[in-house]
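# A look at the structure
Chain by chain, the residues run as shown.
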Amino acid sequence: MTHPLLDLTPLTAGRFAAIEDRVARLLGTAQDVVVMQGEALLPLEGAIRAAAGPGTVALNIVTGPYGQTFGNWLRDCGATVHDLAVPFHTAVTAEQVRQAFAEHPGIDFVSLVHAEAATGNTNPVAEIGEAVRERGALFYLDAVASVGAEPVLPDAWGVDLCVIGAQKAMGGPAGVSAVSVSERAWARMAANPGAPRRSYLSLLDWKDRWIDGGRKALLHAPAQLEMLALEACVERIEAEGPGAVMTRHAAAAAATRAGALALGALEPYVYEAKDAAPVATTLRTPSDVDAAALVARALATDPALPLAAGGGALAAEMIRVNHYGPDATLTAVQACLTALGAALAETGRKADPEGARRAAGDAWERPGGTGLSGA
């Protein structure tokens with residue numbers, strides 16, 4: 001039996017390297033880019049374990065659950081960790097970062113999540129990067145959710161380790177990811193005796209056996225379907241234009257926020273629109289309405305809607321509208337608002353689905369929207 005997804009010509013090292021080069025162009029970076037064969041947690045953890053150790057003094061910025069995870073990994077590596085935590089409904093500021101440096105002048109590593117899809121906030125990386133450069137610290141950035149939805153510019157922002165994934169705004173699979181690595185970061189890893197070696201987590205293995213070898217021989221058999229899907233994602237973004245893709249995500253976020261306010265009963269979880277991520281919008285339910293139950297009601301009408309309850313303790317109060325990738329459209333946003341309105345009505349709450357649809361459409365069409373009301 002044959003199948004087009006099974007009977008493929010093996011992926012060559014040259015094709016693999018060409019895909020890495022296209023990812024580098026998407027990020028506007030001259031740094032080395034390593035495409036890794038796994039979900040983004042692989043390079044996220046691998047980069048921390050490679051660059052941090054007992055001598056590291058880290059500023060770990062926590063604006064959501066992934067920031068908490070990074071702090072745990074840093075402590076596992078033996079680093080001294082100073083957490084800068086802000087409420088999940090807001091964003092961190094460059095001034096807060098500067099204050100942390102003033103309080104802990106030994107900081108030489110900074111970890112930050114660009115956009116927290118889990119909480120719906122986004123952080124001003126360009127401004128924070130300037131504050132980090134002033135102190136010469138190594139800058140590690142999780143841009144998994146933000147890439148494709150908003151600018152991600154490692155070189156311009158002074159990011160030394162920038163991790164991306166294909167599964168959100170890029171509209172691709174979860175099984176492939178990438179990390180851009182500066183020369184400073186490679187040097188930090190090489191000097192770290194605890195950096196993983198001969199390990200699936202090891203970035204240094206990729207450096208020694210792939211990059212320094214001229215990218216002629218792969219370390220192991222590549223995840224062929226995921227690599228081809230990543231290539232297709234980049235091709236699709238290139239064809240539409242990165243600016244157009246980002247505009248579409250911003251329009252979806254603005255439409256969701258406006259529509260939720262018009263719907264009634266729900267309100268944006270992230271207080272200020274400037275702090276809200278374009279990749280996904282989070283909404284807060286009234287104290288007597290369980291978010292997970294409300295989402296379940298909404299999904300009963302259409303299980304394909306990009307709706308989810310918040311994770312963990314947030315499941316009772318947060319709804320996520322995941323308007324990313326192919327769902328960054330007005331049609332998807334309006335369908336979510338309609339379903340949430342119907343679910344609210346079933347609980348006895350007053351809601352205005354038609355008003356929400358109109359408000360979403362108006363917001364989509366404002367400057368910054370795509371102008372594609374049927375998109």
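So, how was this worked out
- Residues numbered from 1 in each chain as written.
- Predicted model: local features only at pLDDT ≥ 70, side-chain atom pairs only at ≥ 80, totals over all residues.
- Heavy atoms only, no water.
- Helix = DSSP H or I, 4+ residues; strand = E, 2+ residues; numbered from the N terminus.
- Buried < 20%, exposed > 50% of the residue type's maximum accessible area, 1.4 Å probe, protein only.
- Expected span 1.5 Å × (residues − 1).
- Contact = heavy atoms within 4.5 Å.
- Salt bridge = Lys/Arg side-chain N within 4 Å of Asp/Glu carboxyl O.
- pLDDT = per-residue confidence, 0-100.
- Pairing = 2+ DSSP bridges.
- Axes fitted to C-alpha atoms, helices over the stretch in contact; angles between N-to-C directions.
- Patch = residues over 30% accessible without salt bridge, like charges linked within 9 Å, V, L, I, M, F, W, Y side chains within 5 Å.
- Areas by Shrake-Rupley, 256 points an atom, 1.4 Å probe, with all protein chains shown as cover.
- Parallel < 35°, antiparallel > 145°, perpendicular 65-115°, else oblique.
- Left-handed = near helix turned anticlockwise from the far one by under 90°.
- Phe/Tyr/Trp six-rings, centres within 6.5 Å; stacked < 30°, edge-to-face > 60°.

A word on the environment of Gly-194. Along the polypeptide, Gly-194 turns up in the loop between helix 7 (183–190) and helix 8 (203–211). On the basis of relative accessibility, which here comes to 53%, the residue Gly-194 falls in the exposed class. Linking Gly-194 and Arg-49, residues 145 residues apart in sequence, is a C-alpha distance of 7.6 Å.

Helix length check: helix 12 (residues 330–346) (17 residues) gives 24 Å between terminal C-alpha atoms against 24 Å at 1.5 Å per residue, within 8%. Among all positions in helix 12, only Leu-330, Ala-332, Val-333, Gln-334, Cys-336, Leu-337, Ala-339, Leu-340, Gly-341, Ala-343 and Leu-344 are buried. Buried residues in helix 12 make contact with helix 10 (242–263), strand 11 (281–284), helix 11 (291–301), strand 12 (307–309), strand 13 (318–321) and helix 13 (353–365). Just past helix 12, the residue Gly-348 takes up positive phi, approximately 90°.

Enumeration over the complete set of coordinates arrives at 18 salt bridges. With a shortest N-O distance of 2.4 Å, Arg-349 and Asp-288 are connected by a salt bridge. With Arg-349 in the loop between helix 12 and helix 13 and Asp-288 in the loop between strand 11 and helix 11, this pair connects stretches of sequence that are 61 residues apart. Several salt bridges converge on common partners, so that one network encompasses Glu-20, Asp-21 and Arg-215.

This next bit is on the confidence of the model for the protein. Caution applies to low-pLDDT regions: their predicted coordinates should not be interpreted in detail. When pLDDT is averaged along the protein, the result is 95, and 97% of the positions lie at 70 or above. Low pLDDT, under 50, characterises residues 369–375; the predicted model gives this stretch 18 contacts beyond four residues in sequence or across chains.

On to the sheet that holds strand 12. Pairing in this open sheet of four strands is antiparallel, and the strands run 10-11-13-12 from one edge to the other. Only two strands of the sheet have a single neighbouring strand rather than two, namely strand 10 (267–268) and strand 12. Here strand 11 runs beside strand 13; their pairing, made up of four bridges, is antiparallel. Of the residues in strand 13, the one forming a bridge with Thr-281 is Val-321. Of the strands in this sheet, strand 10, strand 11 and strand 13 are in contact with helix 10, which crosses strand 11 at around 15°.

For the rest of this paragraph, the subject is the environment of Glu-231. Looking at where Glu-231 falls in the secondary structure, it is placed in helix 9 (residues 224–240). Accessibility expressed as a relative area gives 11% for Glu-231, which makes it buried. With 48 residues separating them along the chain, Glu-231 and Val-279 place their C-alpha atoms 21 Å apart. Once you skip the residues sitting within four places of it in the chain, Glu-231 turns out to touch Arg-15, Ile-19 and Arg-22.

A few words now on the side chain of Glu-150. Among the structural elements, Glu-150 can be located in the loop between strand 7 (138–142) and helix 6 (154–157). When near neighbours in sequence (up to four residues on either side) are disregarded, Glu-150 contacts His-114, Ala-115, Thr-122, Met-246 and Pro-278.

To continue, consider a nonpolar patch on the surface. Together, Leu-5, Leu-8 and Leu-225 make up a nonpolar patch on the protein surface, roughly 240 Å² of accessible area in all. Looking at the element boundaries, Leu-5 is found in the segment before helix 1 (13–27).

Let's shift gears to the side chain of Gln-224. Residue position: Gln-224 is located in helix 9. For Gln-224, a relative accessible area of 18% corresponds to the buried category. Among all residues touching Gln-224, those that are not within four sequence positions of it are Leu-8, Thr-9, Pro-10 and Leu-11.

Before going further, it helps to spend a moment on the sheet that holds strand 8 (residues 161–165). Ordered in space as 1-9-8-7-4-2-3, the seven strands form an open sheet in which the pairing is mixed. Here the strands that pair on one side only, and so sit at the sheet edges, are strand 1 (32–36) and strand 3 (80–85). Between one strand axis and the next, the sheet turns by 15° as a mean value, whatever way the strands run.

What follows covers the packing of helix 10 against helix 13. Viewed as axis vectors pointing N to C, helix 10 and helix 13 meet at an angle of 150°, and their least axial separation amounts to 7 Å. Comparing the axis directions of helix 10 and helix 13 gives the class roughly antiparallel. By crossing handedness, the relation of helix 10 to helix 13 is classed as right-handed. Contacts between helix 10 and helix 13 involve Arg-248, Ala-251, Ala-252, Ala-254, Ala-255, Ala-258, Gly-259, Ala-262 and Leu-263 on the former and, on the latter, Pro-353, Gly-355, Ala-356, Ala-359, Ala-360, Ala-363 and Trp-364.

The element strand 8 is extensively covered by neighbouring structure, given that five of its five residues are classed as buried. Here strand 8 shows two buried faces, one formed by Leu-161, Val-163 and Gly-165 and the other by Cys-162 and Ile-164. Note that strand 7 and strand 8 share three bridges and pair parallel. Within strand 8, the position partnered with Tyr-140 by the bridge is Leu-161.

So, on to the packing of aromatic side chains. Scanning all chains against the criterion turns up six aromatic pairs. A ring pair is formed by Phe-16 and Trp-210, whose centres lie 5.5 Å apart and whose planes are at 80°; its orientation type is edge-to-face. You can see Phe-16 sitting in helix 1 and its partner Trp-210 sitting in helix 8, a full 194 residues away along the chain. Of the two residues examined, Phe-16 and Trp-210, each falls in the buried class. The interplanar angle of 90° and the centroid separation of 5.3 Å between the aromatic rings of Phe-70 and Tyr-140 together place this pair among those described as edge-to-face. Of this pair, Phe-70 sits in helix 3 (residues 65–76) while Tyr-140 sits in strand 7; the two residues are 70 residues apart in sequence, bridging distant segments of the chain. Judged by its relative accessible area of 0%, Tyr-140 falls in the buried class. Ring-pair connections join several aromatic residues into one group, and the members of that group are Phe-70, Trp-73, Phe-109 and Tyr-140.

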